[in-house]
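In case you want the letters, here they are:
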Amino acid sequence: MVFGKPAPFVRAFVEAVDAAIRAHQPNHAMSVTQRTWLAFCITAVLVTNSICWARFERASLGTYAIAALSWMFRHSKIPWEQLLVASVRVILRHYGITSGSLVIDDTDNPRSKSAKALAYLYKLRDKESGGYLWGQSLVFLLLVTPKISIPVGVVFYQPAPELSAWYKTDKALKKQRVPPKQRPRKPAPNPQYPTKEQLALHLLETFKTHHPDIRIHCVMADALYGTATFVDGASALFRGGQVISQIRSNQNIRVGKRAQHVADYFATHPGTPYPIRIRGGDEIVALVGSARLYVCAHKTKRFIVAIKYAEEETYRYLIASDLSWRTLDIVQGHTLRWLVEVFIQDWKSYEGWSPLTKQPGNEGARHSVILSLLVDHSLFMHPDQQRQLKNNLPAYTVGSLRAHVQVECLVDVIDDLVSSDEPQEKLKRFTTAVHEVFAFGRSKKHMIQRQLGRLEPTPSLKYRTREVMRNMPVMST
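This is a predicted model, so every value here is computed, not measured. The residue numbers shown here count from 1 along each chain, following its written sequence. It should be noted that, the model being predicted, local features are given only for residues of pLDDT at least 70 and side-chain atom pairs only at 80 or more, the latter also being counted only at that level, while totals for whole chains, interfaces and linings use all residues. The basis for the side-chain values is all heavy atoms of the structure; hydrogens and waters are excluded.

1. A few points about the pairing of strand E8 (residues 258-261)
Within a regular strand, the side chains alternate between the two sheet faces. We call two strands paired when DSSP finds no fewer than two bridges between them. Segments assigned H or I by DSSP are reported as helices when at least four residues long, segments assigned E as strands when at least two residues long, and all are numbered from the N terminus. Both strand E7 (residues 252-255) and E8 contribute to a ladder of 4 bridges, which runs antiparallel. Bridged to isoleucine 253 within E8 is glutamine 260. Connecting E7 to the next strand, E8, in antiparallel fashion are 2 residues, including glycine 256 with a positive phi near 70 degrees.

Next up, the structure:
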């Protein structure tokens, strides 16, 4: 696909973001060149589904050179840290959003073992194969509202090197059955390498600082964030707001004066069938049980909900910090957590940041992620998407909007050719540019103009072959 200039709705979006930056921090406003470059890059990501300067140059038929695009990304003083905040402000104000729920999740992105220049790389656990792979990990914060779901924060995660080395050594010593007292102690936390839990709390705090007028109904996260530190910290940030997470089945709870696993408690208190709407849509029936119990690790009472869907064999256990909520309200709220999974799938599939994003260094990694999220935000300003949302109709998918933008850009190029004063001359220049940018590549699969080698027998070696065969020893059977 090709395009001649940034899409009009992208230009309008970038101008609105710049206006939002000027309103809060006038010293960080963007220049005309920076705004033009940013609008071009957002359109190029939509057209090529990558953040790759070579692809951008080809898609624009050489309008922008690789060196110029890369220089702007690396050296131009674009206010990257303010871009995402201002973009969120633009979308929230445009749609009149005043409240919502925050969802936290993390995702891994596999990378090649040879990609040494990329930042935040470490050895990831591959859930499908059970092995390990090289990649990056990111923690996302998604705002879910009655109208839209929008990413509002992201940060890279990387474990401390000394902690990774300790895990490796400890695992090897465990296999050798070395007693715990004789194994090295776990190293102290390194503040330069915060945990995912700390990163999630930082994202929540940053969101509250930049958007204090948004009322948060609840904060949701998966079992990784079901610790007392996270639940209490997130609840305190939003003045005792609800925090919904999960706990393990072997988590200790106290019933009376006796401690037992949460799974053992609900084994004797089975759930009751209840109709539940999944993310406000289809209604299903699930077994639900609940109780307000003392969680030993949290040192306080939590609202614990045991839920099992029809296709599941075992219960999963939710915890909620606010004991005044109803059971079904907690269950309904928890179903919204899966919206972050849908966003991550769209982000990896259609918004450029995946295998084809190879910007080296810490700044290259962070800035390319911000650029990719700006692509997601810009689609909320697409005229067709605005029409749907303003009329309270279902929003269009990211994939269909991106395909529509590709067609719009191509039609715009054709319209520019047809409506010019000298269409034949412009078509000739356009054709020349196409052939220069999309040049033929030389195949290494075919052997023309290459040394194939002499693939035939040598007459002088036939006698030697007969001698070898004649003197070959006979193998006994």
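Moving on from the model shown.
2. With respect to the packing of aromatic side chains
Working definition: a ring pair exists when centres of Phe, Tyr or Trp rings (six-membered ring for Trp) sit within 6.5 Å. Plane angles under 30 degrees give stacked, over 60 give edge-to-face, the rest tilted. As enumerated under the stated definition, the model contains 19 aromatic pairs in all. With a centroid separation of 5.8 Å and 85 degrees between ring planes, the pair formed by tyrosine 122 and tyrosine 157 is classed as edge-to-face. One end of the pair, tyrosine 122, is in strand E2 (residues 122-125); the other, tyrosine 157, is in strand E4 (residues 149-157), and 35 residues separate them in sequence. For tyrosine 122, a relative accessible area of 14% gives the class buried. Given a relative accessible area of 15%, tyrosine 157 falls into the buried group. Clustering of aromatic rings is evident, with ring pairs tying together Trp37, Phe40, Trp53, Phe56, Tyr64, Phe73 and Trp80. Sitting over a ring, as applied to charges here, requires NZ of Lys or CZ of Arg to be within 6 Å of the ring centre and within 35 degrees of the ring normal. Positioned above the aromatic ring of tyrosine 132, the side-chain terminus of lysine 123 is 6.0 Å from the ring centre. Sitting over the face of the ring of tryptophan 338, arginine 337 holds its NZ or CZ atom 4.3 Å from the ring centroid. Partly exposed describes any residue whose relative accessible area lies between the buried limit of under 20% and the exposed limit of over 50%, with all areas from a 1.4 Å probe on protein chains only and scaled to the type maximum.

3. Some words on a positive patch on the surface
Excluding any residue in a salt bridge, patches collect residues exceeding 30% relative accessible area, merging like charges within 9 Å and nonpolar Val, Leu, Ile, Met, Phe, Trp and Tyr side chains within 5 Å. All accessible areas in this document rest on Shrake-Rupley with a 1.4 Å probe, and a residue is counted as covered only by the protein chains that are shown. What counts as a salt bridge is simple: a side-chain nitrogen of Lys or Arg found within 4 Å of a carboxyl oxygen of Asp or Glu. We count Lys and Arg on the positive side and Asp and Glu on the negative side, and we leave His and both chain ends out. For the purpose of locating charges, the reference atoms are NZ of Lys, CZ of Arg, CG of Asp and CD of Glu. Judged by side-chain charge, Lys113, Lys116, Lys123 and Lys168 come together as a positively charged surface patch. Considering the arrangement of structural elements, one finds lysine 123 in strand E2.

4. Focus: the packing of helix H2 (residues 32-48) against helix H14 (residues 398-418)
It is at 8 Å that the axes of H2 and H14 come closest, and there the two elements cross at 110 degrees. Between H2 and H14, the angle is such that the two are roughly perpendicular. Where H2 abuts H14, its residues Thr43, Val45, Leu46, Val47 and Thr48 lie against Arg402, Val405, Gln406 and Cys409. In this analysis, axes come from line fits to C-alpha atoms, helices being fitted only over the stretch in contact, and the angle between any two N-to-C directions falls in the range 0 to 180 degrees. Each angle receives one of four descriptions, namely roughly parallel if under 35 degrees, roughly antiparallel if over 145, roughly perpendicular if within 65 to 115, and oblique otherwise. Contacts are assigned to residue pairs that have any heavy atoms within 4.5 Å of one another.

5. Brief notes about the nonpolar core
Only buried residues count toward a nonpolar core. Its members are Ala, Val, Leu, Ile, Met, Phe, Trp, Tyr and Cys residues joined through side-chain atoms within 4.5 Å. Ranked by size, the top nonpolar core spans 122 residues in total, and within it Trp37, Leu83, Leu102, Ile104, Leu204 and Phe230 carry the most contacts. Looking at this core element by element, the count peaks at 10 residues for H2.

6. Focus on the side chain of aspartate 105
Looking at the secondary structure, you find aspartate 105 in strand E1 (residues 99-110). On the basis of relative accessibility, which here comes to 3%, the residue aspartate 105 falls in the buried class. Each residue touching aspartate 105, except ones within four places of it in the same chain, is listed here: Leu138, Val139, Phe140, Asp222, Tyr225, Arg337, Val340, Glu341 and Ile344.

7. Thoughts on the side chain of threonine 145
Its place among the elements puts threonine 145 in the loop between strand E3 (132-144) and E4. Residue class for threonine 145 comes out buried when judged on its relative accessible area of 10%. Polar contacts involving the side chain of threonine 145 include one to the main-chain carbonyl oxygen of isoleucine 148, which spans 2.6 Å. Ignoring anything within four residues of it in the chain, the contact list for threonine 145 reads Ile97, Ser99 and Gly100. Any N or O atom pair separated by 3.5 Å or less is treated as a polar contact, with the protein-specific requirement of one donor-capable and one acceptor-capable atom, and with residues adjacent in sequence counted only for side-chain atom pairs.

8. Thoughts on the packing of helix H5 (residues 80-94) against helix H12 (residues 361-378)
Viewed as axis vectors pointing N to C, H5 and H12 meet at an angle of 15 degrees, and their least axial separation amounts to 10 Å. Put simply, H5 runs roughly parallel to H12. Here H5 and H12 pass one another in a crossing that is left-handed. Residues Trp80, Glu81, Leu83, Leu84, Ser87, Val88 and Ile91 of H5 touch H12, and the partners they reach there are Arg366, His367, Ile370, Leu371, Leu373, Leu374 and His377. Left-handed describes a crossing in which the near helix is turned anticlockwise from the far one by less than a right angle; the clockwise case is right-handed.

9. With respect to the pairing of strand E5 (residues 215-220)
Pairing geometry for E1 and E5, over 4 bridges, is parallel. From the neighbouring strand, serine 99 faces E5, where its bridge partner is arginine 215. As paired strands, E5 and strand E6 (residues 242-247) are joined by 3 bridges and run parallel to one another. The residue of E6 that forms the bridge with valine 219 is valine 243.

10. Re the pattern of salt bridges
All chains considered together, the criterion is met by 14 salt bridges. Aspartate 18 is paired through a salt bridge with arginine 35; the nearest N and O atoms lie 3.4 Å apart. Taken as a pair, aspartate 18 in helix H1 (residues 8-24) and arginine 35 in helix H2 lie far apart in primary sequence, 17 residues in all. The residues aspartate 18 and arginine 35 share a single accessibility class, namely buried. Two residues, lysine 174 and aspartate 170, come together in a salt bridge whose shortest N-O distance is 3.8 Å. Of the two residues, lysine 174 and aspartate 170 are both situated in helix H6 (residues 161-175); the distance of 4 residues between them amounts to about one turn of the helix. Aspartate 170 sits in the buried class, given a relative accessible area of 10%. Several salt bridges converge on common partners, so that one network encompasses Glu15, Asp18, Arg22 and Arg35.

11. Concerning helix H8 (residues 228-237)
Within the span of H8, buried status applies to Ala228, Phe230, Val231, Ala234, Ser235 and Leu237. Tucked inside the fold, the buried residues of H8 contact E1, helix H7 (196-210), E5, E6, strand E11 (300-308) and strand E12 (316-320). Of the residues trailing H8, arginine 239 is marked for its positive phi of about 55 degrees.

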